[in-house]
Amino acid sequence: MSTEVNGEYGADQIQILEGLEAVRKRPGMYIGSTSIRGLHHLVYEIVDNSIDEALAGFCSEIQVTICKDNSIKVIDNGRGIPIGINHKAGLPAVEVVFTILHAGGKFGGGGYKVSGGLHGVGASVVNALSEWLEVTIYQNGKMYRQRYERGKVMYPLKEIGVTERTGTEVIFLPDKEIFEETVFDYEILRQRLREMAFLTKGIKIILTDERLEEPKTREFYYEGGIKEYVAYLNRHKNPLYDQIIYCEGQRDDIYVEVALQHNNSYQEGTYSFVNNITTPEGGTHLTGFRNALTKTFNDYAKKNKILKENETNLTGEDIREGLSAIISIKISEPQFEGQTKQKLGNSEARGAVESVVTEQLTYFLEQNPSVAKMICDKAVLAQRARDAARKARDLTRRKTALEGTSLPGKLADCSDKDPKNCEIYIVEGDSAGGSAKTARNRATQAILPLRGKILNVEKSRLDKILVNNEIKAMITAFGTGIGEDFDIEKLRYDKIVIMTDADVDGAHIATLMLTFLYRFMPDLIRKGHVYLAQPPLYKIDKNKKVYYAYDDKELNEVLSEIGRDSNNKIQRYKGLGEMDAEQLWDTTMDPEKRILLRVTIDEESESEIDVVFNTLMGDKVEPRREFIETNAKYVKNLDI
Ligand code: TSJ
């Protein structure tokens, strides 16, 4: 059975094709890039529409499937895209959605579109960039379908059968002519869809990967929405109190939701979103939140004599110590600012968030005095530590002013004074440090040996951190200063190479260092200056020839190549200390032969990185062990 719903095809069609052709000519303008990132963006564009249907109150479930041929299928149980004729275009609304640029949400009337933002351009862009796309609509007891190829309509919307359900189904195959990469990454989709589920309370999102022999399915459903997101952020930490503080409200046309809970660490983890899109650089909504938090707690502390009238106010930083928080707002016309367009600019958002949070947080603190006291007490301690840290820092600043920058005694510096040519090896242990000093190229390679485990900065306040000798040595050697004083122009080395044993202890020490760098000099990592050295795990001697293997797989490869016989002498290195200087140079330090791993932060998942670090650094032992065994995912391979 096949009944035509609409057969009119006119001159408008030509204009439509020109619109979609523009998308195919300059895809980057519409989806950011044609890399793997842009590819995944297609999925979010489609799913956003179902999320909007959920926000409008008509959809409770979204299924996302990666099909065997790498096409993507999205099904929701909403009302189904309207099929009636849109009078402006003279076409069924669904056809307008898929063929006219920027039509998303503006058809049919009553459509409530808030999601999308950075590239919120909708279904027509996905259609234009797909080899083919098929939409099926379940509505009023009937099923309707239309198919497009590279944006072109293959046939008018047709009725294809009967159904009892309602909803929308879209399948599309990204165009290999457009995208550099057309294989979807399950992990990337899993992370983003989980985030969307956290941000849309009550929605169930089901992700299935059918490419595997045994299809993999994950369900994301968070009844409490961002409250559960905060619980998730704190899942490997020790919350200061049981409740998750939650504020929700609407001011003018801005819907505001905030959830927060403190833990007993010293770092803040606040993540803000606008229309379900992350705003890593914050903006007015974040400012409104911070203002409200600072003001409400100071008012409470004064009123309840936790702070005396003549005592200095708690700073925002004091109150946010150990805070995990999610701020999520929905606004109809978000303005994104800054170089990367990741910062909210709408000034009305500041007032909206400030008003909702002040009102509801004040009420919460009055209702929960013991929680209020715990947070205030922690903030007062933070205030004292901050004062002590300032004194310590003033002292070091004054010192360097008087004595010039005196480099740490343990540092064996290089002779070349041009930072571009220089690198510094941070080496675990004095004995390995000794070998490294002998082995190095004195002109360009500096060695800084560190003794034993460095301080865990996740578990220490700033005043402790700044007087720690190992950390002081690193800060002075790098030359950049830290925190607000940080200046990358002053960096004395192009590469900072962390060299530790290839065992669990070594991995832990490397992580402690990375954590320190991430917390106090994140730009060193962002700008690609931080590396991990890769010492070999095995040495194989055969008839006076020496081979090295960096893992078990390579060991096997070497053995297959040279023959497995009794002349092989295999040594498993337990640490850098077992290598002499020449071996260390040959395997790990010689720029011609070594392998370095560059440490990177995936900007899209900085909140996930936080969880990674906290997994390693937190008080709870079990998740840490698990992590070290599965190894660091923020490290990407780089051959140099
Ligand atoms: F992106 C898309 F257009 F391809 C798409 C849209 C893809 C998927 C998987 C779902 C959807 C979608 C659209 N789901 N639900 C809707 N809802 C509407 O379009 C809709 C339905 C009814 C009314 C109304 O006012 O009666 C309004 C709208 C916007």
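Residues numbered from 1 in each chain as written. Predicted model: local features only at pLDDT ≥ 70, side-chain atom pairs only at ≥ 80, totals over all residues. Heavy atoms only, no water.

Considerations on the sheet that holds strand 14 (residues 254-262)
Moving on, step 1. Taken in spatial order, the five strands make up an open sheet running 13-14-17-15-16, and their pairing is mixed. Looking along the sheet, the strands with just one partner apiece sit at the ends: strand 13 (245-251) and strand 16 (277-278).
Moving on, step 2. Relative to strand 16, strand 15 (residues 269-274) is paired through two bridges, and the arrangement is antiparallel. Its bridge partner being in strand 16, Val274 is matched across the sheet by Ile277.
Moving on, step 3. This element, helix 8 (residues 284-303), spans strand 14, strand 15 and strand 17 (323-330) of the sheet and lies at about 130° to strand 17. (Pairing = 2+ DSSP bridges. Helix = DSSP H or I, 4+ residues; strand = E, 2+ residues; numbered from the N terminus. Contact = heavy atoms within 4.5 Å. Axes fitted to C-alpha atoms, helices over the stretch in contact; angles between N-to-C directions.)

Some words on the confidence of the model for the protein
Moving on, step 1. When the pLDDT values of the protein are averaged, the result is 86; 86% of them are 70 or greater.
Moving on, step 2. Taken together, the stretch residues 103-121 has pLDDT below 50 and engages in 39 contacts with residues farther than four places along the chain or on a different chain.
Moving on, step 3. Note on residues 615-640: pLDDT is under 50 here. Beyond four places in sequence and across chains, it has 64 contacts. (pLDDT = per-residue confidence, 0-100.)

Considering unusual backbone geometry
Only a minority of non-glycine residues have a phi that is not negative, and only a minority of peptide bonds are not trans.
Moving on, step 1. Phi is positive for Asn70, which is not a glycine, with a value near 70°.
Moving on, step 2. Within the secondary structure, Asn70 is located in the loop between strand 2 (61-66) and strand 3 (72-76).
Moving on, step 3. Even without glycine at this site, Asn140 takes up a positive phi of about 50°.

Focus: the pairing of strand 13
Successive side chains on a regular strand alternate, one facing one side of the sheet and the next facing the other.
Moving on, step 1. As judged from the seven bridges shared by strand 13 and strand 14, these two strands associate in the antiparallel manner. Following the sheet pairing, Glu248 is matched in strand 14 by Glu257.
Moving on, step 2. What sits between strand 13 and strand 14 in their antiparallel hairpin is a turn of two residues, with Asp252 showing a positive phi close to 50°.

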